[in-house]
Amino acid sequence: QVQLVESGGGLVQAGGSLRLSCAASGRTFYAMGWFRQAPRKEREFVARITWSSGRTVYADSVKGRFTISRDNTKNTVYLQMNSLKPEDTAVYYCAADRSGGVVTTGSSYEYWGQGTQVTVSS
């Protein structure tokens with residue numbers, strides 16, 4: 001069966017960095033994305049990468065600070081997060097899109113990981 005497993009979350013000070021990983025198994029996907037959900041907020045789009053082309057899309061709030069990448073041989077997607085801010089604190093979710101839906105819409109992604117907590121202290 002399909003599984004997405006996130007790792008790499010933790011507690012960092014403002015200005016620090018973390019790298020999240022998402023290991024995918026069970027099948028191939030058209031694209032994968034990262035979403036996040038902060039306390040008392042709706043889940044929001046963070047970044048997306050297309051497996052075949054490597055094309056990327058970022059939310060305005062993370063452009064210039066976050067980088068999404070993939071390792072095709074390992075079926076793993078990464079989110080390098082630099083210059084972290086307290087407002088980046090959230091549970092981060094990896095998601096997989098089988099067919100190429102709307103980039104920023106959660107319903108375009110058929111499979112989701114369990115989430116990994118990122119906490120940025122001030």
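Heads up: these notes are all about the structure in this document. Chains are numbered independently. Their residues run from 1 in the order of the written sequence. The model is predicted, so local features are restricted to residues of pLDDT at least 70 and side-chain atom pairs to those at 80 or more, both for listing and for counting; the totals for chains, interfaces and linings are taken over all residues. By convention in this description, side-chain values take in all heavy atoms of the structure and omit both hydrogens and water.

**Looking at the overall build of the protein**
Here comes step 1: Regarding its fold elements, the protein presents zero helices and eleven strands.
Here comes step 2: In summary, the protein has a C-alpha radius of gyration of 13 Å against a globular reference of 14 Å for 122 residues, a match within 12%.
Here comes step 3: Projected onto its principal axes, the C-alpha coordinates of the protein cover approximately 40 × 25 × 25 Å.
Here comes step 4: Burial statistics for the protein: of 122 residues in total, 43% are counted as buried.
Here comes step 5: Contacts are assigned to residue pairs that have any heavy atoms within 4.5 Å of one another. Nonlocal contacts in the protein, meaning residues at least 24 apart in sequence, comprise 56% of its contacts between residues at least 6 apart.
Here comes step 6: As displayed, the protein offers around 6,300 Å² of accessible surface, 45% of which is attributable to carbon and sulfur atoms.
Here comes step 7: Only four residue types enter the charge count: Lys and Arg as positive, Asp and Glu as negative, with His and the chain ends excluded. Where a charge lies is defined by one atom per residue type: Lys uses NZ, Arg uses CZ, Asp uses CG and Glu uses CD. Once the 14 positive and 9 negative side-chain charges of the protein are each reduced to a mean point, those two points are 3 Å apart. Each helix is a run of DSSP H or I of at least 4 residues and each strand a run of E of at least 2, with the numbering of both proceeding from the N terminus. In this setup the radius of gyration rests on C-alpha atoms only. A globule is expected at 2.2 Å times the number of residues raised to 0.38. The buried label applies to any residue whose accessible area, calculated with a 1.4 Å probe on protein chains only, is under 20% of its type's maximum; exposed applies above 50%, and partly exposed to all values in between. Residue exposure ignores everything except the shown protein chains as possible cover, and the areas themselves are Shrake-Rupley values with a 1.4 Å probe.

**Topic: the pairing of strand 9 (residues 90–97)**
Here comes step 1: Of all eight residues that make up strand 9, seven are buried, and the element is covered over most of its length.
Here comes step 2: If DSSP finds at least two bridges between two strands, the strands pair. The pairing of strand 4 (residues 31–37) with strand 9 spans seven bridges and is classified as antiparallel. Its bridge partner lying in strand 9, Arg36 is registered against Tyr92.
Here comes step 3: Here strand 9 runs beside strand 10 (residues 111–112); their pairing, made up of two bridges, is antiparallel. By the bridge assignment for strand 10, Ala96 is matched with Tyr111.

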